[in-house]
Structure formats: C-alpha cells, structure tokens
Amino acid sequence: MIDTLSLASHGPVIPVIVIQRLEDAVPLAEALVAGGVKVLEVTLRTPVALRAMEAMAQVPGAIVGAGTLRSPQDVANAKNAGCQFGVSPGFTEAIAEACQAHGLPLLPGVSTASEVMRANAAGYGFLKLFPAVAVGGVTLLKALSGPFPDVAFCPTGGISLETAPQFLKLPNVKVCGGSWLTPQDAVDARDWARITRLAREAAALRA
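This structure is a prediction, so every number in the text was calculated from the model and none was measured.

> Hey, could you run me through the nonpolar core in this one?
Side chains of nonpolar character tend, in soluble globular proteins, to be buried together. Formed by 63 residues in total, the largest nonpolar core has its most connected members in Leu 32, Leu 40, Met 56 and Phe 153. Among residues more than four places away in sequence, those in contact with Leu 32 are Pro 15, Ile 17, Val 37, Leu 40, Leu 181, Thr 182, Ile 195 and Ala 199. Of all hydrophobic cores here, the second largest spans twelve residues; its members include Ala 8, Phe 85, Ala 152 and Val 175.

Here it is, written out as structure tokens:
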C-alpha cells in the first residue's frame, strides 16, 4: 500500500476529475500524464466513474484514486476497479475501517478543528481540507497549523491556477486538489493538447 502523503511527491496538484463519457477516460489520463501530472483523483459522481477508473489505472505512469467515497461499498468498488488510493469529502469511522479492511490508503476530508482531531485520533495525519475556499482557505490553514503542527493538508475546492501558489507556500500544505486541469469544455471537445498544457502549468507550480 502507498502512503497517501507520498502522493505529494509526484507534483504539487492532484486533479479532481469528473468523467461523463467512458471513451474520454484513457485519452484524458494520457494527456495529464504527458503534462507531468501522474496522480489522478476520479470522482464517483457519474454512472461511468468506476469503469473509467479501471481503464485509467491501465495508463502507464498514472496513479489513480477514487474520489467522493461516501460508503463502505464505495470503498470496495474503488478497490475492485484498481484504484491505489481513496479520497472522501468528509471523515467517518466506517469509511476508515472499510479502507483498512480493503487495503485502500485513504485521504479523508475535514473542514473543522473537531474533524481534524477525529481523523487524527484514527491515525490520519494527512488530510484533505474540503471545501477549502468555502470554509476559510489560507486563513483557516494558517490557524490550524498552531494546534496541529504535525498534520499536513491537501486543500481542495475552489482553488485555481492563480490561487494555488498561496496554498502551496503554507508549511502545512503538501499538495492541493483542483478541477481546473480538466475543464469540461476541453473534455467535451476532446482537446487533449489543452489539458496537457494545463497539466504542465500545474506541474510547474512551486511553493
């Protein structure tokens, strides 16, 4: 099993991907990897998501994870689809136990200090702050660094290419999530070259 914190070693941004058409899955993954973005979070928000994950997991260089894990069944489905990690919008013990049972590394979501404590008590020291901008963004992350100096974050939700550097320069932020790498209009147009350019821009971001 991979350590979710090691995901940050592959680049500063993890794209949050929504796949509407199964045929887009592989070329989209290939375009992102070509741009230097290897860690791919595919959300469980569409009927084709699991089959898309399975297809994308076969793309050389891609490290595919399942986003929007909300139930133990989601965890089992993600593991069976070949995902290497899972991401949840919030934290529950049931999700954590299911991930442990299935051997699926989890990046759990939190949005408050109480949730950080709860996830931390369950053994998680690398957490997703979600929805990052809506719950306080950079200001909240700075505040959390005081009582939780040993906790690292992946802020996701409302972050753009322009604002990502503000997050990435924080000591407790190791990587950030973003949907701007895979704009729906580019995917609909199958403009894979544009997505590769966006991936290159994201991969070049540094704290």
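> What is the right way to read the sheet that holds strand 5 (residues 106-107) from this model?
Sheet strands pair via backbone hydrogen bonds, and the direction of the pair is either parallel or antiparallel. One open sheet holds the six strands; their spatial order is 5-4-3-2-1-9, and the pairing between them is parallel. Edge strands, defined here as strands with exactly one partner in the open sheet, are strand 5 and strand 9 (176-178). Its contacts with the sheet put helix 2 (residues 49-56) on strand 1 (13-17), strand 2 (39-43) and strand 3 (63-67), and the angle it makes with strand 2 is roughly 165°.

> Got a minute to help me understand the packing of aromatic side chains in this structure?
Two numbers describe a pair of aromatic rings. These are the distance of the centres and the angle of the planes. Enumeration according to the criterion identifies one aromatic pair in this entry. Above the plane of the ring of Phe 130 lies Lys 128, whose end atom (NZ or CZ) is 4.6 Å from the centre.

> Looking at this structure, I do not really get the packing of helix 3 (residues 72-80) against helix 4 (residues 93-102). What am I missing?
In the contact formed by helix 3 and helix 4, the axes pass within 8 Å of each other and the chain directions differ by 30°. Classified by the interaxial angle, the pair formed by helix 3 and helix 4 is roughly parallel. Helix 4 is crossed by helix 3, and the crossing has right-handed handedness. Judged by residue contacts, Pro 72, Val 75, Ala 76 and Lys 79 of helix 3 engage Ala 94, Ile 95, Ala 98, Cys 99 and His 102 from helix 4. Counted by class, the contact of helix 3 with helix 4 contains seven nonpolar, one polar and one charged residues.

> Would you mind showing me how to read the pattern of salt bridges here?
Pairing of side chains with opposite charge becomes possible as their charged atoms draw close. Evaluated as defined, the whole model comprises five salt bridges. Across the salt bridge formed by Arg 190 and Glu 23, the nearest N and O atoms sit 3.5 Å from each other. On the criterion of sequence distance, the pair formed by Arg 190 in the loop between helix 8 (184-188) and helix 9 (192-203) and Glu 23 in the loop between strand 1 and helix 1 (25-34) is long-range, its members being 167 residues apart. Among the ionic pairs, Arg 190 bridges to Asp 24, the shortest N-O distance being 3.5 Å. Here the residue Arg 190 occupies a position in the loop between helix 8 and helix 9, and Asp 24 occupies one in the loop between strand 1 and helix 1, the gap between them amounting to 166 residues. Overall, Arg 190 belongs to the partly exposed group, its relative accessible area being 40%. Within the structure, one salt-bridge network assembled from shared partners comprises Arg 21, Glu 23, Asp 24 and Arg 190.

> Looking at this structure, I do not really get the sheet that holds strand 8 (residues 152-155). What am I missing?
Spatial ordering of the open sheet is given by 6-7-8, a layout of three strands whose pairing is parallel. At either margin of the open sheet sits one strand with a lone partner, and together these are strand 6 (109-110) and strand 8. Note that strand 6 and strand 7 (residues 126-129) share two bridges and pair parallel. Looking across to strand 7, one finds that Val 110 is bridged to Leu 129.

> Which parts of the structure should I look at to understand the pairing of strand 3?
A regular strand carries its side chains on alternate faces of the sheet. Taken across its five residues, strand 3 has five buried, putting it largely inside the fold. Residues Ile 63, Gly 65 and Gly 67 point to one face of strand 3 and Val 64 and Ala 66 to the other, with burial holding for every one of them. Summarising the sheet, strand 2 and strand 3 pair through five bridges and their orientation is parallel. Within strand 3, the residue paired with Val 42 across the bridge is Ala 66. When strand 3 meets strand 4 (residues 85-87), the two strands line up parallel, connected through two bridges. Residue pairing across strands places Ala 66 opposite Gly 86, the latter belonging to strand 4. Between the parallel elements strand 3 and strand 4, the chain passes through helix 3 in a crossover that is right-handed.

What counts and what doesn't
- Residues numbered from 1 in each chain as written.
- Predicted model: local features only at pLDDT ≥ 70, side-chain atom pairs only at ≥ 80, totals over all residues.
- Heavy atoms only, no water.
- Core = buried A, V, L, I, M, F, W, Y, C linked by side-chain atoms within 4.5 Å.
- Buried < 20%, exposed > 50% of the residue type's maximum accessible area, 1.4 Å probe, protein only.
- Contact = heavy atoms within 4.5 Å.
- Pairing = 2+ DSSP bridges.
- Helix = DSSP H or I, 4+ residues; strand = E, 2+ residues; numbered from the N terminus.
- Axes fitted to C-alpha atoms, helices over the stretch in contact; angles between N-to-C directions.
- Phe/Tyr/Trp six-rings, centres within 6.5 Å; stacked < 30°, edge-to-face > 60°.
- Lys NZ or Arg CZ within 6 Å of the ring centre and 35° of its normal.
- Parallel < 35°, antiparallel > 145°, perpendicular 65-115°, else oblique.
- Left-handed = near helix turned anticlockwise from the far one by under 90°.
- Nonpolar A, V, L, I, M, F, W, Y, C, P; charged D, E, K, R; others polar.
- Salt bridge = Lys/Arg side-chain N within 4 Å of Asp/Glu carboxyl O.
- Right-handed = clockwise from strand over helix to strand, strands pointing away.

Geometric descriptors of this kind do not, in isolation, establish any biological role.
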